[in-house]
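This is what each chain is made of:
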Amino acid sequence: MRLLRFEQDGRPGIAMQVDDGWRACKVDEAWFAPDIGALAALSGEGRARVFEELHTGAPVDIGAVSYLPPCGQPGKIICLGLNYRDHAQEFDFKPPSYPTLFARFASSLIGHEQPLIRPRISTDFDYEGELAVILGRGGRHIPEAQALSHVFGYSVFNDGSIRDYQLRTPQWTIGKNFDGTGAFGPFVVTADEVPPGATGLTLETRLNGEVMQHASTDDMIFGVAQTIALISEAITLSAGDVIVMGTPSGVGYARKPPVYMKPGDVCEVEIGRIGLLRNVVREES
Ligand code: MG
C-alpha cells in the first residue's frame, strides 16, 4: 500500500493509491484519525477496515492537495547520526560502534512541497537525505530477529540541519530542530512493498538538480532491525514512532567550499520504490 496525508479546503485526510489513481477519506468522513501514525497503531483488523474504506473512498487529485507530513505528531522521532561510514569520515568522526541517537520534535516537521525554512540567525542550512521508518507496533527489548515485524512502513526524510548551531556544542539537538527543517514524505509505503529492512534501495539527494548524495540503503552501519532492537533495550517504542536512519556522504558542510541551501533552492530526496520528496527553500519571515 502507498499512502499519503494531505489537506484540502482546510480538512486533513489520508489517501491511498489504487489501480485507477488515489482514493481518500477526510477527517469528517473517517472514524479514524487522519494520520498515518494513528493508522499504523491500529490492530490488523482496524487497519484492514481503513484500507477497505479507502479503497471505496472518493477519488482525489493528489496534484491539487497540500501534502502534510505523513505522521503529524509522532510520540517519538528518533534520528541516527553518522550511520554511513563515508559520511562519518567526511565529518572527521570514527564510524560508531553504537548508534549516535538524537531526538527531533514534531514542531520541526514539514510535508512534501512545503517550504524548508532557512532561519534568520544562520545561513549554514544543510540537507541530509534519509530513510524514515514508521513503527506499527511498539515494545521493549524487541529481539532483532523480530524487529522488522514491528515496522509499518517506510518514507523519505530530509534531516535539514543548521550546522553552526549543531556543532556549537557536543549535543546536536538544537541544530536539528529549527522550525520547518524536517521534511517528511510524501508517501508511506507499507513494509510489504519493499525488501526486508528497506535494504538495497538507492537514495539520492539533489540540490537544484545536481546530485549531492548517492548511496544504497545497504551502506547503513546499523540496519533497521538492529536499530529497533538497540533502541528498545533502553526505551519503550510505540506504534507511530518514527526512526530516521541517517544520511550518506555528500552533505554541504563537508564540501570545499561548503554548499548550503539558499532561499529559492530546490532540494529533492528520492529513495527508489518509496518516493521523491521535494521542497523549495524559503527565508524565515
Ligand atoms: Mg541526519
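Quantities reported herein were computed from a predicted structural model and do not represent experimental measurements. (Residues numbered from 1 in each chain as written. Predicted model: local features only at pLDDT ≥ 70, side-chain atom pairs only at ≥ 80, totals over all residues. Heavy atoms only, no water.)

To continue, consider the coordination of the magnesium ion. At this site the magnesium ion is bound by E128 (OE), E130 (OE) and D159 (OD), with donor distances of 1.9 to 2.1 Å. All donors to the magnesium ion come from one chain, and their sequence spacing reads E-x1-E-x28-D. One exposure class covers both E128 and E130, and it is buried. (Donors = N, O, S within 2.8 Å, 3.2 Å for Na, K, Ca; no water. Buried < 20%, exposed > 50% of the residue type's maximum accessible area, 1.4 Å probe, protein only.)

What follows concerns the environment of Y84. In this fold, Y84 is placed in the loop between β6 (77-81) and α3 (85-90). Given the relative accessible area of 1%, Y84 is considered buried. Each C-alpha atom, one on Y84 and one on P248, is 5.2 Å from the other, the two residues being 164 residues apart in sequence. Setting aside residues up to four positions removed in sequence, Y84 forms contacts with L203, A215, S216, T217, D219, M220, I221, M245, G246, T247 and P248. (Helix = DSSP H or I, 4+ residues; strand = E, 2+ residues; numbered from the N terminus. Contact = heavy atoms within 4.5 Å.)

A complete count under the given rule lists 15 salt bridges for this structure. Residue D126 is joined to R163 by a salt bridge in which the shortest nitrogen-to-oxygen separation is 2.8 Å. Separated by 37 residues along the polypeptide, D126 in strand β10 (residues 125-126) and R163 in helix α5 (residues 163-166) bring together distant segments of the chain. Its relative accessible area of 0% is what places D126 among the buried residues. A residue is classified by how much of its surface remains accessible, and R163, at 1% relative accessible area, is buried. When salt bridges with common partners are traced through the structure, they connect R104, D126, E128, D159, R163 and K176 into a single cluster. (Salt bridge = Lys/Arg side-chain N within 4 Å of Asp/Glu carboxyl O.)

Next up on the list: the sheet that holds strand β19 (residues 266-271). Either a parallel or an antiparallel arrangement is found when strands of a sheet pair, and the pairing is made through backbone hydrogen bonds. The five strands lie next to each other as β9-β20-β19-β16-β17, forming an open sheet whose pairing is mixed. Edge positions in the open sheet fall to β9 (116-118) and β17 (210-216), since each of these has one partner strand only. Going across the sheet, the axis of each strand differs from the next one's by a mean of 20°, ignoring polarity. One ladder, built from five bridges, connects strand β16 (residues 202-207) with β19; its direction is antiparallel. Its bridge partner lying in β19, T205 is registered against V269. (Pairing = 2+ DSSP bridges. Axes fitted to C-alpha atoms, helices over the stretch in contact; angles between N-to-C directions.)

Relative to the elements of secondary structure, I117 occurs in strand β9. For the pair I117 and D92, spaced 25 residues apart in sequence, the C-alpha to C-alpha distance is 27 Å. With near-sequence residues (within four places) excluded, I117 lies in contact with F125, D179, G180, T181, R282, E283 and E284.

All right, on to the nonpolar core then. Core analysis: the biggest nonpolar cluster contains 45 residues, and L131, Y154, V224, I228 and I274 have the highest contact counts within it. Counting residues per element, the ones that place at least two in this core are β6, β11 (129-135), β12 (151-159), β16, β17, α6 (224-232), β19 and β20 (275-283). In terms of residue count, the dominant contributor to this core is α6 (five residues). Dropping the residues within four chain positions of it, I274 is found in contact with R2, L131, Y154, S155, V156, F187, V189, V194 and L201. One finds L3, V18, F51 and C71 within the second-largest nonpolar core, a separate group that totals 31 residues. (Core = buried A, V, L, I, M, F, W, Y, C linked by side-chain atoms within 4.5 Å.)

Applying the stated criterion across every chain yields a total of one cavity of 30 Å³ or more. Taken together, 14 residues form the lining of the largest cavity, with G81, L82, H87, E128 and W172 sitting closest to its centre. Among the elements of the structure, β6 and α5 are those that each provide at least two residues to the lining of the largest cavity. Of the residues that constitute the lining of the largest cavity, the class distribution is four nonpolar, five polar and five charged. (1 Å grid on protein atoms, 1.4 Å probe; cavity = no way out; pocket = protein on both sides within 12 Å on 5 of 7 lines; lining within 4 Å. Points joined across faces, edges and corners; volume = space filled by probe spheres on them. Nonpolar A, V, L, I, M, F, W, Y, C, P; charged D, E, K, R; others polar.)

Within the secondary structure, Q166 is located in helix α5. According to the relative accessible area criterion, Q166 is buried, its value standing at 1%. Setting aside residues no more than four positions away along its own chain, Q166 makes contact with F91, S161, Q171, W172, G175 and K176.

A word on the domain arrangement of the protein. Accessible area lost on assembly of the parts is the figure often given for the size of an interface. By the assigned domains, the protein splits into domain 1 (2-67) and domain 2 (77-283). Placing the centre of domain 1 and that of domain 2 at their C-alpha centroids yields a distance of 25 Å. Facing the 13 residues of domain 1 at the interface are 17 residues of domain 2. The tally of links from domain 1 across to domain 2 stands at zero salt bridges. Counting the contacts that link domain 1 with domain 2 gives five residue pairs in polar contact (both at pLDDT 80 or more). Elements represented by at least two residues in the side of domain 1 that touches domain 2 include exactly β1 (2-8), α1 (36-40) and α2 (44-55). Ranked by residues supplied to the side of domain 1 that touches domain 2, first place goes to α1 with four residues. Classifying every residue of the side of domain 1 that touches domain 2 by side-chain character gives ten nonpolar, one polar and two charged. (Domains from an automatic or database assignment. Polar contact = N/O pair within 3.5 Å; in protein donor to acceptor, adjacent residues only side chain to side chain.)

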